[in-house]
Amino acid sequence: MASDDDVAKTTQALLREALAVDLDAYSIEDLEDRIGVLKAEIARCEALMARKGEMRAAADSVFKF
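Description of the structure in this document. (Residues numbered from 1 in each chain as written. Predicted model: local features only at pLDDT ≥ 70, side-chain atom pairs only at ≥ 80, totals over all residues. Heavy atoms only, no water.)

**Overview of the overall build of the protein chain**
Across its full length, the protein chain carries 2 helices and 0 strands. Its C-alpha radius of gyration of 18 Å places the protein chain more than 25% over the 11 Å reference for a compact globule of 65 residues. For the C-alpha atoms alone, the extent of the protein chain along its principal axes is close to 60 × 25 × 15 Å. Relative to its 65 residues, the protein chain shows a buried fraction of 0%. Of the roughly 6,200 Å² that the protein chain leaves accessible, carbon and sulfur atoms contribute 62%. (Helix = DSSP H or I, 4+ residues; strand = E, 2+ residues; numbered from the N terminus. Rg over C-alpha atoms; globule rule 2.2 N^0.38 Å. Buried < 20%, exposed > 50% of the residue type's maximum accessible area, 1.4 Å probe, protein only. Areas by Shrake-Rupley, 256 points an atom, 1.4 Å probe, with all protein chains shown as cover.)

**With respect to the pattern of salt bridges**
Scanning all chains against the criterion turns up 1 salt bridge. The salt bridge partner of Glu41 is Arg44, with a shortest N-O separation of 2.9 Å. Of this pair, Glu41 and Arg44 are both found in helix H2 (residues 28-63), 3 residues apart, which corresponds to roughly one turn of the helix. The exposure class assigned to Arg44 is exposed, which follows from its relative accessible area of 56%. (Salt bridge = Lys/Arg side-chain N within 4 Å of Asp/Glu carboxyl O.)

**Topic: the environment of Thr11**
Secondary-structure assignment places Thr11 in helix H1 (residues 4-19). Judged by relative accessible area, which is 37%, Thr11 ranks as partly exposed.

**Considerations on the environment of Asp5**
You can see Asp5 is positioned in helix H1. The exposed category is assigned to Asp5, whose relative accessible area is 54%. On a C-alpha basis, the gap between Asp5 and Ile42 in space is 21 Å, while along the polypeptide they are 37 residues apart.

**Considerations on the environment of Leu31**
Along the chain, the position of Leu31 falls in helix H2. Excluding residues that lie within four positions of it along the chain, Leu31 makes contacts with Leu23 and Tyr26. (Contact = heavy atoms within 4.5 Å.)

Now the structure itself:
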């Protein structure tokens, strides 16, 4: 099973690879599709961040004196 560090390293490598792609050969439709995928991933990340923030706030409220 992969550790959190291994997953983070893999994720960072994949992101760097995606950002290094030469976009000049892409058609407008390809670029629109790429933007759609990236926007969906941003929305997924933001939703997870919101859930984690809510969980943190709930945990903080339990441990406040």
